[in-house]
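One letter stands for each residue in the lines below.
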Amino acid sequence: MKQYVIFNVGSYSFGVDILEIVEIIKPTKIVKLPDAPQYVEGIIDVRGTAVPVYNLAKRLGIDSNAETQKIIIVELSKFQLGFLVDDVSEILKIEDDRIEKANESIKGIKRRFIDSIARVGDDMIIILDLKSVLTMDEEEEIEKYIVEGR
């Protein structure tokens, strides 16, 4: 059994292993980056550390027009990365037998970000692999922004 942070983006419910998350914050002033991809909102300052923020709806290719948002911060290999989501709803303990690997028939979300699907009651929660959201090239590009931004 693992604990997952459950959050919403558009009409989808997602989960991420709680151990991957550093913290969840309300959005602060986001500094835009020149020539950044459209899904990169910019950089925020979290206790003196520059943290790039990805708009998860744009990155996953789904529609979202939420009025309130949260930023989920995760630790990657070289730096922290924030993901702008619509709302964080709860922390759930999910039994391992309720989780199955995602099959290729899932449409509407970029498949490489999906780790598995959890069945909780009548709901299905998409478990994301947030560490796969960045390609190696993107990680290097973001790292340049962070170093130059300091």
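The name given to the chain in an unreviewed UniProt entry is Chemotaxis protein CheW, and the organism recorded there is Caldicellulosiruptor morganii.

Draft legend 1. Representation of the packing of aromatic side chains. Throughout the structure, instances matching the rule amount to 4 aromatic pairs. When the centroid spacing of 5.2 Å and the interplanar angle of 55° are considered together, the rings of Tyr39 and Tyr54 count as tilted. With Tyr39 in the loop between strand S3 (21–25) and strand S4 (40–46) and Tyr54 in strand S5 (residues 49–55), this pair connects stretches of sequence that are 15 residues apart. Three or more aromatic residues link up through ring pairs in this structure, and these residues are Phe7, Tyr12 and Phe14. It is Arg59 that lies over the ring of Tyr39; its NZ or CZ is 4.3 Å from the centre.

Draft legend 2. Main features of the sheet that holds strand S7 (residues 80–85). Here we have 5 strands laid out as an open sheet, ordered S3-S6-S7-S5-S4, and mixed in their pairing. Two strands close off the open sheet at either side, each with one partner strand: S3 and S4. Geometrically, the sheet is characterised by an average inter-axis angle of 30° between neighbouring strands, direction not taken into account. Sheet analysis places S3 next to strand S6 (residues 70–75), joined by 4 bridges and oriented antiparallel. Bridge pairing in S6 places Ile24 opposite Ile72.

Draft legend 3. Representation of the sheet that holds strand S9 (residues 99–101). A sheet is described by the order of its strands in space; here 6 strands give the open sequence S8-S1-S2-S11-S10-S9, paired in mixed fashion. The sheet terminates laterally at strand S8 (87–94) and S9, the two strands that pair on one side only. Between one strand axis and the next, the sheet turns by 35° as a mean value, whatever way the strands run. Here 2 bridges tie strand S2 (residues 12–17) to strand S11 (residues 123–128), and the two strands are oriented parallel to one another. Within S11, the residue paired with Phe14 across the bridge is Ile126.

Rules used throughout
- Residues numbered from 1 in each chain as written.
- Predicted model: local features only at pLDDT ≥ 70, side-chain atom pairs only at ≥ 80, totals over all residues.
- Heavy atoms only, no water.
- Phe/Tyr/Trp six-rings, centres within 6.5 Å; stacked < 30°, edge-to-face > 60°.
- Helix = DSSP H or I, 4+ residues; strand = E, 2+ residues; numbered from the N terminus.
- Lys NZ or Arg CZ within 6 Å of the ring centre and 35° of its normal.
- Pairing = 2+ DSSP bridges.
- Axes fitted to C-alpha atoms, helices over the stretch in contact; angles between N-to-C directions.

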